[in-house]
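Structural description and commentary
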Amino acid sequence: MKPEAAFATRVRDGLTKFGVDIERIENRVNLGIPDMLLGIENRFVMVELKVVQRGLKVGLRPHQIAFMAKQSGKGRPCFILVLQSGGTVLKPAAIHLYRGRDAIALAGDGLRLQSLKSWPSRGMDWGDLCKILSETETR
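Remember, it's a predicted structure, so these values are computed and weren't measured experimentally.

A closer look at helix α2 (residues 62-73)
Look at α2: 16 Å from first C-alpha to last across 12 residues, which is about the 16 Å you get at 1.5 Å a residue. Considering only its buried residues, α2 is in contact with β3 (43-52), β4 (78-84) and α3 (103-109). Looking at the residues trailing α2, positive phi occurs at glycine 75, about 85°.

This is the structure in structure tokens:
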């Protein structure tokens, strides 16, 4: 299983416990559409998933950046959830959440960019993520 597919399964398993409806989007036609559409309470939230195995670069493609910038600019809730895997004892693996409006900066600065929120990968607080996704404004 590819790292992003495994991460998607982990996100789905973690969030469904909190009543989140999740649709995984595999789209080869309309490039830029995020990986997941989440139904949280009374709203839809779009989430792009990325896995960083080495270094700090987050591999956002130009059409993904454009989609995130456009949709978040119109106030539509979209986020980028990044798994920084391959942790060490000194720097354990982590999960970072970014707003869609930060896609351009995230592509440029990578994980040096301050995230909206970060959690240790082991013991991830899915309830906290669910709460943030259901309440956070994107502008």
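Concerning unusual backbone geometry
A positive phi is found at glutamate 41, a non-glycine position, where the angle reads about 50°. Mapped onto the elements, glutamate 41 comes out in the loop between β2 (36-40) and β3. Exposure remark for glutamate 41: the relative accessible area of 72% places this residue in the exposed category.

A look at the sheet that holds strand β1 (residues 21-24)
Within a sheet, neighbouring strands are paired by backbone hydrogen bonds and run either parallel or antiparallel to one another. Spatial ordering of the open sheet is given by β1-β2-β3-β4-β5-β6, a layout of six strands whose pairing is mixed. Each edge of the sheet is formed by a strand with only one pairing partner; in this case those strands are β1 and β6 (117-120). Ignoring strand direction, the axes of neighbouring strands in this sheet form an average angle of 25°. Helix α4 (residues 126-135) contacts β2, β3, β4, β5 (94-99) and β6 of the sheet and is inclined by roughly 165° relative to β6.

Section: helix α1 (residues 3-16)
Turn by turn, an α-helix covers 3.6 residues, leaving residues three or four places apart pointing in a common direction. For α1, spanning 14 residues, the distance from its first C-alpha to its last is 20 Å, which sits close to the expected 20 Å at 1.5 Å a residue. Of the residues making up α1, those classed as buried are Phe7, Ala8, Val11, Gly14 and Leu15. For α1, the angular spread of the buried residues around the axis is 135°, confining them to a single face. Packed against the buried residues of α1 are β1, β2, β3, β4, β5 and α4.

Considering the side chain of glutamine 71
One can find glutamine 71 in helix α2. Assessed through its relative accessible area of 10%, glutamine 71 is described here as buried. A polar contact is formed between the side chain of glutamine 71 and the side chain of arginine 76, at a distance of 2.7 Å. Beyond its immediate chain neighbours, meaning those up to four positions away, glutamine 71 contacts Met46, Arg76 and Cys78.

Notes on the packing of α1 against α4
Any two packed helices are characterised by the angle at which their axes cross and by the distance between the axes. Between α1 and α4, whose axes approach to 9 Å, the crossing angle comes to 85°. Between α1 and α4, the crossing angle belongs to the class labelled roughly perpendicular. Where α1 abuts α4, its residues Arg10, Val11, Gly14 and Leu15 lie against Trp126, Leu129 and Cys130. Looking at the contact of α1 with α4 residue by residue, the classes come out as five nonpolar, one polar and one charged.

Thoughts on the nonpolar core
In this structure, Leu15, Leu38, Leu81 and Leu129 are the most contacted members of the largest nonpolar core, which totals 25 residues. Secondary structure elements with two or more residues in this core: α1, β2, β3, β4, β5 and α4. Among the elements that make up this core, the one with the highest residue count is α4 (five residues). Ignoring sequence-local partners within four residues, the contact set of leucine 81 consists of Phe7, Val11, Val47, Glu48, Leu49, Lys50, Ile95, His96, Leu97 and Leu129. Counting residues in hydrophobic clusters, the runner-up holds 15 residues, among them Val52, Ile65, Phe67 and Tyr98.

The rules behind these values
Residues numbered from 1 in each chain as written. Predicted model: local features only at pLDDT ≥ 70, side-chain atom pairs only at ≥ 80, totals over all residues. Heavy atoms only, no water. Helix = DSSP H or I, 4+ residues; strand = E, 2+ residues; numbered from the N terminus. Expected span 1.5 Å × (residues − 1). Contact = heavy atoms within 4.5 Å. Buried < 20%, exposed > 50% of the residue type's maximum accessible area, 1.4 Å probe, protein only. Pairing = 2+ DSSP bridges. Axes fitted to C-alpha atoms, helices over the stretch in contact; angles between N-to-C directions. Arc of directions from axis to C-beta. Polar contact = N/O pair within 3.5 Å; in protein donor to acceptor, adjacent residues only side chain to side chain. Parallel < 35°, antiparallel > 145°, perpendicular 65-115°, else oblique. Nonpolar A, V, L, I, M, F, W, Y, C, P; charged D, E, K, R; others polar. Core = buried A, V, L, I, M, F, W, Y, C linked by side-chain atoms within 4.5 Å.

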